[in-house]
Amino acid sequence: MKILLSWSSGKDSAWTLHVLRRDRIGDVAGLLTSVNKAAGRVSMHGVREEILRAQADAAGLPLFTIPLPWPCSDDAYEAGLRIAVDRAVADGFTHVAFGDLFLEDIRRYREDHLANTGLTPLFPLWGTPTAQLAREMIAGGRELIGAEFDEALLEKLPPTVDPCAERGEFHTCATAGPMFSRPLNVVTGEIVEREGFVYGDLLLSAS
């Protein structure tokens, strides 16, 4: 089983890497991320590409990117995904893993788009209670953009916010944990608002 991991740069995909390795579920041999090629950032999380590449280096894995235009239509995304899937199959990958937790429509979308491609989807975290999972991640050493991901933060979250943000309540950028050989040194940069979303920019630090 040669596994390509869908990598968002955040906590769920990072923890998926940890679980795959810990439980010896096949051979994780690469990370797959879509990148906004105009901005040079992870398309969903807005994380700088230099941090993305530092994550891959710390994880000891090659990075495969899907360069996407901005704005990006569904057709453009799906075309880029098809190219990435074909390349992965040609490189001998047999499975692709996702950090999804409980959203059935997201899982179904992934399964439908991978049907008959030669890649079998895996969902190692699926169904894990998110309150339990969030605390497992904290125990492993994790951070949120601009704020530490810890028990104090979980206590402050409104009851309508999922502690693992499965519905997109917040995004994360993994900077340390058992999936990395070393922590990433980052500092918080400018806080920006774009299209109704607030982003805390992260920068690699030399110190």
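Look a little higher up for the structure.
For the structure given in this document, a descriptive report is provided here. This structure is a prediction, so every number in the text was calculated from the model and none was measured.

**Some details on the overall build of the protein chain**
Okay, step 1: When its secondary structure is counted, the protein chain shows six helices and 10 strands.
Okay, step 2: In summary, the protein chain has a C-alpha radius of gyration of 16 Å against a globular reference of 17 Å for 207 residues, a match within 12%.
Okay, step 3: If one aligns the C-alpha atoms of the protein chain with their principal axes, the spans along those axes are about 45 × 35 × 35 Å.
Okay, step 4: For the protein chain, the residues scored as buried account for 43% of the 207 residues in total.

**What to know about helix 3 (residues 74-90)**
Okay, step 1: Here helix 3 spans 24 Å end to end across 17 residues, near enough to the 24 Å set by a 1.5 Å rise per residue.
Okay, step 2: Every buried residue of helix 3 is listed here: G80, L81, A84, V85 and A88. Viewed end-on, helix 3 has its buried residues packed into an arc of 140 degrees, placing them on one side of the element. Opposite its buried face, helix 3 presents the exposed residues D75, R82, I83, D86 and A90, each directed more than 90 degrees away.
Okay, step 3: For helix 3, the elements touching its buried residues are strand 1 (2-6), strand 2 (27-36), strand 4 (63-68) and helix 4 (104-114).
Okay, step 4: At the exit of helix 3 stands G92, carrying a positive phi of roughly 95 degrees.

**Considerations on the pairing of strand 1**
Okay, step 1: Taken together, the five bridges between strand 1 and strand 2 define a ladder with parallel strand orientation. Considered in strand 2, the bridge of I3 is made with V28.
Okay, step 2: Summarising the sheet, strand 1 and strand 5 (residues 95-97) pair through three bridges and their orientation is parallel. Bridge pairing in strand 5 places L4 opposite V96.

**Some words on the packing of helix 1 (residues 11-22) against helix 5 (residues 130-140)**
Okay, step 1: As a packed pair, helix 1 and helix 5 sit with axes 11 Å apart at the nearest point and diverge in direction by 75 degrees. By the angle between their directions, the pair helix 1 and helix 5 is classed as roughly perpendicular. Along its contact with helix 1, which presents K11, D12 and W15, the element helix 5 presents L133, E136, M137 and G140.
Okay, step 2: A breakdown of the residues in the contact of helix 1 with helix 5 according to their chemical character gives three nonpolar, one polar and three charged.

**So, unusual backbone geometry**
Okay, step 1: The linkage connecting W70 with the following residue, P71, adopts the cis geometry, with an omega of -5 degrees.
Okay, step 2: For P71, the location among the structural elements is in the loop between strand 4 and helix 3.
Okay, step 3: Its identity as a non-glycine residue notwithstanding, S9 has a phi of 90 degrees, on the positive side.
Okay, step 4: As for its position among the elements, S9 is in the loop between strand 1 and helix 1.
Okay, step 5: Using a relative accessible area of 0% as the deciding quantity, one classes S9 as buried.

**Here's the deal with the pattern of salt bridges**
Two side chains carrying opposite charge are able to pair once their charged atoms lie near each other.
Okay, step 1: On inspection of all chains with the given rule, the structure shows eight salt bridges.
Okay, step 2: D12 is the salt-bridge partner of K11, the closest N and O atoms lying 2.9 Å from each other.

**Focus on the environment of V96**
Okay, step 1: Residue placement: V96 occurs in strand 5.
Okay, step 2: With 23 residues separating them in the primary sequence, V96 and L119 have C-alpha atoms 6.3 Å apart.
Okay, step 3: Leaving out residues up to four positions away in the same chain, V96 has contacts with L4, S6, L114, L119, T120, P121 and L122.

**So, the side chain of S13**
Okay, step 1: Mapped onto the fold, S13 is located in helix 1.
Okay, step 2: There is a polar contact of 3.2 Å between the side chain of S13 and the backbone oxygen of G10.
Okay, step 3: Sequence-distant contacts of S13, defined by excluding residues within four places in its chain, comprise L5, S6, W7 and S8.

**Focus on the packing of aromatic side chains**
Aromatic ring pairs: the centre-centre distance and the angle between the two ring planes describe each pair.
Okay, step 1: Applying the stated criterion to the full structure yields four aromatic pairs.
Okay, step 2: On the basis of an interplanar angle of 65 degrees and a centroid distance of 6.2 Å, the ring pair of W7 and F180 is categorised as edge-to-face. Of this pair, W7 sits in the loop between strand 1 and helix 1 while F180 sits in the loop between helix 6 (151-156) and strand 9 (186-194), placing them 173 residues apart in sequence. Across this residue pair, the class does not change: W7 and F180 are buried.

The rules behind the values
Residues numbered from 1 in each chain as written. Predicted model: local features only at pLDDT ≥ 70, side-chain atom pairs only at ≥ 80, totals over all residues. Heavy atoms only, no water. Helix = DSSP H or I, 4+ residues; strand = E, 2+ residues; numbered from the N terminus. Rg over C-alpha atoms; globule rule 2.2 N^0.38 Å. Buried < 20%, exposed > 50% of the residue type's maximum accessible area, 1.4 Å probe, protein only. Expected span 1.5 Å × (residues − 1). Arc of directions from axis to C-beta. Contact = heavy atoms within 4.5 Å. Pairing = 2+ DSSP bridges. Axes fitted to C-alpha atoms, helices over the stretch in contact; angles between N-to-C directions. Parallel < 35°, antiparallel > 145°, perpendicular 65-115°, else oblique. Nonpolar A, V, L, I, M, F, W, Y, C, P; charged D, E, K, R; others polar. Salt bridge = Lys/Arg side-chain N within 4 Å of Asp/Glu carboxyl O. Polar contact = N/O pair within 3.5 Å; in protein donor to acceptor, adjacent residues only side chain to side chain. Phe/Tyr/Trp six-rings, centres within 6.5 Å; stacked < 30°, edge-to-face > 60°.

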